[in-house]
Amino acid sequence: MSVVISVAGLCTRYGKQVIHRDLDLTVLDGEVLGIVGGSGSGKTTLLRQMLGLDQPMRGVVKVFGYDLQTASADDLRRMRRHWGVLFQHGALFSALTVFDNVALPLRELRALPEPMIADLAMLKLNVVGIGAEHAPKMPSQLSGGMIKRVALARALALQPELLFLDEPTAGLDPESSESFVELINTLRNELRLTVVMITHDLDTLISLADRVAVLADQRLVAVGALDEIVNIRHPFINSLFHGERGQRALAAANDDTRPPKIVFPDHVP
Amino acid sequence: MSELYAEREQLPSIATTDSPTSAVALTGDWTLDTLASRMRPLTQQARRYSRRAWDLRDIGRIDDAGATLLWHAWGAERPAALLLRPEQEAMFTRLAEVQKPPQARRRRAWSALAPVSRVGERVVDVIDHVSGFTTLLGQTVLDIARIAGNPARMPWREISANIHRTGAQALPITALVSFLIGIVLSYLSARQLKLFGADVYIVDILGISILRELGPVLAAILVAGRSGSSMTAQLGVMRVTQELDALAVLGIPYSLRLVLPKIIALAIALPLLVLWSNAIALLGGMVAAGVELNIGYRHFLSGLPGAVPVANLWLGLAKGAVFGILIGLVSCHFGLRIKPNTESLGAGTTNSVVTAITIVILVDAIFAVLFSEVGIP
Ligand SMILES: Nc1ncnc2c1ncn2[C@@H]1O[C@H](COP(=O)(O)OP(=O)(O)O)[C@@H](O)[C@H]1O
Ligand SMILES: [Mg+2]
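All values derive from a computational prediction rather than experimental measurement.

Enquirer: Honestly, the overall build of chain B in this entry has me stumped. Any pointers?
Expert: Along the backbone of chain B there are 13 helices and five strands. Over its C-alpha trace chain B gives a radius of gyration of 35 Å, far above what one expects of a compact globule, namely 21 Å for 377 residues. By principal-axis analysis of the C-alpha atoms, chain B measures approximately 110 × 60 × 60 Å. Among the 377 residues that make up chain B, the fraction classed as buried is 44%. When contacts within chain B are restricted to residue pairs at least 6 apart in sequence, those whose partners lie at least 24 apart make up 79%. If you sum the accessible surface of chain B, you get close to 19900 Å²; carbon and sulfur atoms cover 64% of it. In chain B, which carries 34 positive and 28 negative side-chain charges, the distance between the mean positions of the two groups comes to 4 Å.

See the structure below:
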């Protein structure tokens, strides 16, 4: 499989605080990569560097083969049309309605007739479970979970090949989280989609992620399939998977009629 | 290294024959990317064959954009004969269910009453502002009364920070503007006075006009533009980010913590700025008078107390305090009315500055009428 994103030798520092030290990561074509890590461990910062919003102090970030720091403005623009980003807090345009937020990227193409834009935007809203009655609302009139879903609809508007999700299910009720998982799975079946997802939600991680990258101690302490990761001895991994919550999620994942996907680790923390 | 999939896509195409019974076969990739540059020809072609049998099974990739294009060409319904792959089925089912976006707010139909109702709306708007402003004023007075008995609760820190920001940091710009205005005023007056040989009256003209009018109004306008806008924007951003709500649930009344310190600080800082502006403008005037009329500095300064009754100075300072309170009230009033979106933030800040300056000039005119007998020799 080919590589969609490659991060090599990434170092980040804010003042004296070191966030990343010599971090390497590759994201493969068509996979869902889950990034986990403690709060403040630098997940969002890593994402911002993959998006080219922050410049790394040292190291190279390549997306679709383009080095974000040296690519020409034209290349960057073309590439950016093919990724979608869901920010941690939604980042909806507060002066636009829900409908206009989703229609904006479509209008910016300056190629589609307005009736088609309307249908496409409503389709995307429909897909994320936002009813037509919410379309004329302003972002300040939405609940936190709805903001997330509208932001996801906007991220999906241009049929991205690469999707960045920063804590997509944080703030969603369990039912919405499940329909979110379903949605991503459907999208993967219909179109080729690579997903980079930061999440704290073990259920989402277990049901979506092909590989998991664990960010701790300023580097990636483990990258691999979930059943490999749970067996690695590291304090953060222990507390994540072997705490009560983690055990419950893993048990639920194995409880299905399917053959067990994740083998329980034999050691007890 | 992977390249963009979009760059490897096949062009979409429609194949059929002229015979009206032959099927329409689609090939290539029908995605947003391949379609964006060929919208018009493809739509027209698809529309022409909309009554025929359609075969979509040989399409490479199709996404919502491709499906929507076909759907519109078919007239928002499935053609009688349509061959699909199973995964395409779901796409068209979704499309059939999609609702129209709610109509953008309809423009009100024109009617003969439109101008009247527009005036009415404006009046209601103004009444709303006036009542909001009065409430804020009342709230401020109540706050002062409440903490007057308990000076420990006075937000000293905020007051001193605000004095620093609105007063001390405004000194350079006020000095520059006042100095230049002083020079211009003095130069123009001197040219006129010379014609009548009334050179010595330059001291009277400069003294009265600067101390009574120019100093206070100049300082107030600069402060309204500089500090008024930032105060409105600060409160507005706090509304957008829900910081005002956070303060409220912590039991910290924001009128006390945010509004009162700003008003008190402006009531203190603006008279001081007026004094500063007076001094610098007179300095500028004195320099220009020295050059133009050969009036020595010593002569100018010693003539000043005799020519200008000191009441003018006090009147100017009092005006400064009143202007300061008004600017503070207006900018807080507009700041608290900002709705949680960026557009309202921009509009609110503009309105705040325009209103503050207008009110300053209005109140200045009222002062001029009320105190017309005071301080004029
Ligand atoms: N702009 C910034 N300036 C200084 N420090 C920052 C900045 N952005 C993030 N940080 C710090 O970097 C660390 C990682 O932040 P972040 O990537 O947001 O964490 P998380 O993994 O929870 O998403 C935190 O300790 C945060 O305080
Ligand atoms: Mg984060």
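Now that the structure has been shown, the text picks up again.
Enquirer: What is the right way to read the coordination of the magnesium ion (ligand 2) from this model?
Expert: In ideal tetrahedral geometry, four donors around a metal make angles of 109.5 degrees, whereas ideal octahedral geometry with six donors gives angles of 90 or 180 degrees. Every protein donor of the magnesium ion (ligand 2) is accounted for by Thr44(A) (OG1) and Gln88(A) (OE1), and the metal-donor separations fall at 2.0 to 2.5 Å. A residue pair is termed long-range when its members are at least 10 positions apart, and Thr44(A) in helix α1 (residues 43-50) and Gln88(A) in the loop between β6 (83-86) and α3 (98-108) qualify at 44 residues.

Enquirer: When you look at the site of ligand 1 in this model, what are you seeing that I'm missing?
Expert: Residues and elements named next belong to chain A. Near ligand 1, the surroundings consist of Tyr14, Gln17, Ile19, Gly38, Ser39, Gly40, Ser41, Gly42, Lys43, Thr44 and Thr45. A distance of 3.0 Å separates an oxygen atom of ligand 1 from a polar atom in the backbone of Gly42. At 2.6 Å, a side-chain N or O of Thr45 approaches an oxygen atom of ligand 1. Mapped onto the shell around ligand 1, the elements with two or more residues apiece are β2 (17-28) and α1.

Enquirer: Help me understand the interface of chain B and chain A in this model?
Expert: Interfaces are often sized by the accessible area lost when the parts come together. The interface of chain B with chain A comprises 32 residues on the first partner and 41 residues on the second. Taken over both partners, the interface formed by chain B and chain A buries close to 3300 Å², and the fraction arising from carbon and sulfur atoms is 64%. Here chain B and chain A share three salt bridges between them. With a shortest N-O distance of 3.0 Å, Asp119(A) and Lys100(B) are connected by a salt bridge. Inspection of the chain B/chain A interface yields six residue pairs in polar contact (both at pLDDT 80 or more).

Enquirer: Hey, could you run me through the packing of aromatic side chains in this one?
Expert: One pair of aromatic rings is described through two measures. These are the centre distance and the angle between the planes. Taken as a whole and assessed by the stated rule, the structure comprises five aromatic pairs over all chains. Consider the rings of Trp71(B) and Phe92(B), whose centres lie 6.5 Å apart with planes at 40°: the pair is tilted. Placement of Trp71(B) in helix α3 (residues 64-73) and of Phe92(B) in helix α4 (residues 86-97) is noted, with a sequence separation of 21 residues between them. Site record: aromatic cluster; members linked through ring pairs are Trp54(B), Trp71(B), Trp74(B) and Phe92(B). Note that Arg154(A) overlies the ring of Phe93(A), its terminal NZ or CZ placed 4.6 Å from the centroid. Above the ring of Tyr49(B), the side-chain terminus of Arg48(B) is found at 5.7 Å from the ring centroid.

Enquirer: What's the story with the packing of helix α12 (residues 311-337) of chain B against helix α13 (residues 342-370) of chain B in this structure? I'm lost.
Expert: Residue and element names in this part refer to chain B. It is the contact of α12 with α13, at a shortest axis distance of 9 Å, that shows an interaxial angle of 150°. By the angle class used here, α12 and α13 are roughly antiparallel. Crossing of α12 over α13 shows right-handed handedness. Side by side, α12 and α13 meet where Leu315, Lys319, Val322, Phe323, Leu326, Ile327, Val330, Ser331 and Phe334 of the first sit next to Gly348, Asn351, Ser352, Thr355, Ala356, Ile359, Val360, Val363, Asp364 and Phe367 of the second. Along the lines of polarity and charge, the residues of the contact of α12 with α13 split into twelve nonpolar, five polar and two charged.

Parameters and conventions
Residues numbered from 1 in each chain as written. Chains lettered and ligands numbered in written order. Predicted model: local features only at pLDDT ≥ 70, side-chain atom pairs only at ≥ 80, totals over all residues. Heavy atoms only, no water. Helix = DSSP H or I, 4+ residues; strand = E, 2+ residues; numbered from the N terminus. Rg over C-alpha atoms; globule rule 2.2 N^0.38 Å. Buried < 20%, exposed > 50% of the residue type's maximum accessible area, 1.4 Å probe, protein only. Contact = heavy atoms within 4.5 Å. Areas by Shrake-Rupley, 256 points an atom, 1.4 Å probe, with all protein chains shown as cover. Lys, Arg positive; Asp, Glu negative; His and termini not counted. Charge placed at Lys NZ, Arg CZ, Asp CG, Glu CD. Donors = N, O, S within 2.8 Å, 3.2 Å for Na, K, Ca; no water. Near = heavy atom within 4 Å. Polar contact = N/O pair within 3.5 Å; in protein donor to acceptor, adjacent residues only side chain to side chain. Buried area = accessible area lost by both parts, 1.4 Å probe. Salt bridge = Lys/Arg side-chain N within 4 Å of Asp/Glu carboxyl O. Phe/Tyr/Trp six-rings, centres within 6.5 Å; stacked < 30°, edge-to-face > 60°. Lys NZ or Arg CZ within 6 Å of the ring centre and 35° of its normal. Axes fitted to C-alpha atoms, helices over the stretch in contact; angles between N-to-C directions. Parallel < 35°, antiparallel > 145°, perpendicular 65-115°, else oblique. Left-handed = near helix turned anticlockwise from the far one by under 90°. Nonpolar A, V, L, I, M, F, W, Y, C, P; charged D, E, K, R; others polar.

Note that every value here comes from positions in space, so none of it alone points to a role or purpose.
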